[in-house]
Amino acid sequence: MLPLDCFAALAMTGPELRLCPPSLKRGRPFLNRPKGFPMNVLLIGSGGREHALALALTKSPQLAKLFAAPGNPGIAKLAECVTLDVTNHAAVVDFCRLMKIGFVVVGPEAPLVAGLVDDLDRAGIPAFGPTKAAAQLEGSKGFTKDLARDFHIPTAAYGRFTTKAAALAYLDTHPAPIVVKADGLAAGKGVIVAMSDTEARDAVEMIFGGAFGEAGAELVIEEFMEGEEASFFALCDGERALAFASAQDHKRVGEGDTGPNTGGMGAYSPAPVMTAEMSARVMREIIEPTLIGMKARGAPYKGVLFAGLMLTKDGPKLIEFNARFGDPETQVMLPRLQEDLLPLLMQCAQGHLRAEPVKLSDSTALTVVFAAKGYPENPQKGSTIRGVEKAEAMSETIVFHAGTKREGDKLVANGGRVLNITGLGTSLRDARERAYAGLNVIDWPEGFCRRDIGWRALK
Ligand code: AMP
Ligand code: GLY
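Lining the immediate environment of ligand 2, one finds Asp249, Gly263, Phe306, Asn322, Arg324, Gly326, Asp327, Pro328 and Glu329. Contacts to ligand 2 include Asp327, whose backbone N or O atom sits 2.9 Å from a nitrogen atom. Contact between ligand 2 and Glu329: a nitrogen atom at 2.9 Å from a side-chain N or O atom of the residue. The fraction of the free accessible surface of ligand 2 (200 Å²) that becomes covered by protein chains is 88%. By residue class, the composition of the shell around ligand 2 is two nonpolar, three polar and four charged.

Before going further, it helps to examine the site of ligand 1. In the neighbourhood of ligand 1, 14 residues make up the surrounding shell, with Glu222, Glu223, Met225, Glu229 and Glu320 lying closest. With respect to ligand 1, the backbone of Met225 contributes an N or O atom lying 2.8 Å from a nitrogen atom. Glu320 has a polar side-chain atom sitting 2.8 Å from an oxygen atom of ligand 1. When ligand 1 is considered free in solution it has 470 Å² of accessible area, and contact with the protein chains removes 90% of it.

Attention now moves to the nonpolar core. Counting 50 residues, the largest nonpolar core has Leu42, Val104, Leu120, Met274, Ile287 and Tyr301 as the members making the most contacts within it. It is helix H9 (residues 276–296) that contributes the most residues to this core, seven residues altogether. Listed in part, the 46 residues of the second largest apolar core include Leu63, Ala247, Met333 and Ala349.

Strand order in the open sheet formed by five strands is E3-E2-E1-E4-E5, and the pairing between neighbours is parallel. In the strand order of this sheet, the two ends are held by strand E3 (80–81) and strand E5 (127–128), each with one partner. By the bridge criterion, two bridges tie strand E2 (residues 63–70) to E3 in an arrangement that is parallel. Among the inter-strand pairings, Ala68 is bridged to a residue of E3, identified as Cys81. Helix-sheet contacts for helix H1 (residues 48–57) involve strand E1 (39–45), E2 and strand E4 (101–106), and the interaxial angle to E1 is about 170 degrees.

Looking now at the environment of Trp444. The topology assignment puts Trp444 in the loop between helix H13 (428–440) and strand E23 (447–448). C-alpha separation for the pair Trp444 and Val412, spaced 32 residues apart in sequence, amounts to 9.5 Å. Not counting chain neighbours up to four residues away, the residues in contact with Trp444 comprise Phe370, Ala371, Ala372, Ser383, Thr384, Ile385, Ala413 and Val418.

A separate point is the sheet that holds strand E21 (residues 410–413). Across a sheet, paired strands are connected by hydrogen bonds in the backbone, their directions being either parallel or antiparallel. Here we have three strands laid out as an open sheet, ordered E18-E21-E20, and antiparallel in their pairing. Edge strands, defined here as strands with exactly one partner in the open sheet, are strand E18 (384–385) and strand E20 (404–407). When E18 meets E21, the two strands line up antiparallel, connected through two bridges. For Ile385, the partnering residue across the bridge sits in E21 and is Leu411.

Conventions used here
Note that residues are indexed from 1 along each chain, following the sequence as it is written. Ligands are numbered from 1 and chains lettered from A, in the order in which they are written. Restriction of local features to residues with pLDDT of at least 70 applies here, the model being predicted, together with a cutoff of 80 or more for giving and counting side-chain atom pairs; totals for whole chains, interfaces and linings are based on all residues. Calculated side-chain values reflect all of the structure's heavy atoms, with hydrogen atoms and water omitted. We call a residue near a molecule or strand whenever a single non-hydrogen atom of that residue lies within 4 Å of it. Polar contacts, as used here, are pairs of N or O atoms within 3.5 Å; protein pairs need one atom able to donate a hydrogen and one able to accept it. Residues neighboring in sequence count only if both atoms are side-chain atoms. Here, Shrake-Rupley sampling with a 1.4 Å probe gives the accessible areas, and only protein chains in the shown set may cover a residue. Under the grouping applied here, Gly and all other residues not named as nonpolar or charged are polar, the nonpolar ones being Ala, Val, Leu, Ile, Met, Phe, Trp, Tyr, Cys and Pro and the charged ones Asp, Glu, Lys and Arg. Residues belong to one nonpolar core when they are buried, are Ala, Val, Leu, Ile, Met, Phe, Trp, Tyr or Cys, and are joined through side-chain atoms within 4.5 Å. Classification of residues uses two cut-offs on accessible area relative to the type maximum, computed with a 1.4 Å probe and protein chains only: under 20% is buried, over 50% is exposed, and between them is partly exposed. Working definition: helices are DSSP H or I runs of at least four residues, strands are E runs of at least two. Numbering for both runs from the N terminus. Two strands qualify as a pair provided DSSP detects at least 2 bridges between them. The contact criterion used is simple: two residues touch if any of their non-hydrogen atoms lie within 4.5 Å. Fitted lines through C-alpha atoms give the axes, limited to the stretch in contact for helices. The angle between two N-to-C directions lies from 0 to 180 degrees.

Here it is in structure tokens:
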């Protein structure tokens, strides 16, 4: 990382001054540089998702130079990683002006919910991602449930509660199985699928007892839905949406989908259950009414809309929305993208998304998360990881960094989800073999992974 004052010297960037050439690993970069100057882009975030975004962005002929704040050691091979306090929006704006940033891509939800895109908009700096008001689709489960009710979007029946007494009274007439959710952002931990009445009551006590702080000042209790889960992503420009891709994640830490919830232990794309017909139905019944509803609420939605779906016997139903790309879903969707990502993201921000379908390869991608032992409760940091280069050298295999850090010439674990090993193949089986073959050459005894990623689809 370079300190901020070193950047003045780098301000005059162009393709010839790019410090790190784009990785050509996934084939040639896209040709046909469009008219106009290539631009500098700032990517916000530090996970595997952002590494996948960085890899896709650096293939763009429209990119001059990529900056990442804060980035990670994998991203550092593609971009200039900078120390920037992204909660200080004025500092981000100043950096963008200094470095002549033409476009900002926001990876994670927290800066979106905090209104970073609003402040960039006010400063005239185009950015990918929803405004604070529109990011409520992720930031408040109650907001989303009310929107679904008002715009006839299929979802589980629900109630919203701000007092423990009212929530417990609702449980008297709504027996388990039932789902209790903290309203706000709770790092994926705020959802309790209660299989017994006692569990449901305990969840209410825990949330109103302050387990999730402000995020649990309100809660949603909703009907338990049965079916297969899938993640669906659509690009949105405020008015219109374009289907992007589908994926399936593995949220539980243990094999066979057991143990506590995590940010995601592995994923594959496409999701076989998301047929063309199902995708069209989700666009029609869930995504499009959401855009209409958000416009009507005075908060038009721009960015990527990530719908967590339950495919029930009555059709697809919304579990929740996220206002950003998924992690690790992005690590399997972007390697399938057969076109330049940057103009697609820019069209979302500019409000004129094209109608032509997104070009994705027919291949399947599967990623396995290599996590630090102890994750999700208490991941052990500081152990040394060896052999990543061996995995990177394998064909149709990409290693995305997440919680890693450089210490001298050593790569060390610095978080819960540490690496993602993605394999590409003509079938799920093929992609899975590649991903695990890559993981197996990495020497990291302090890491663990699920060995069954893809099991449902392969069953
Ligand atoms: P969320 O954070 O809202 O995606 O919820 C986490 C997980 O809880 C989901 O991936 C589902 O497996 C489960 N879940 C959430 N809501 C429901 C529901 N209404 N019925 C059944 N399972 C649910
Ligand atoms: N993998 C789930 C998420 O990104 O929220």
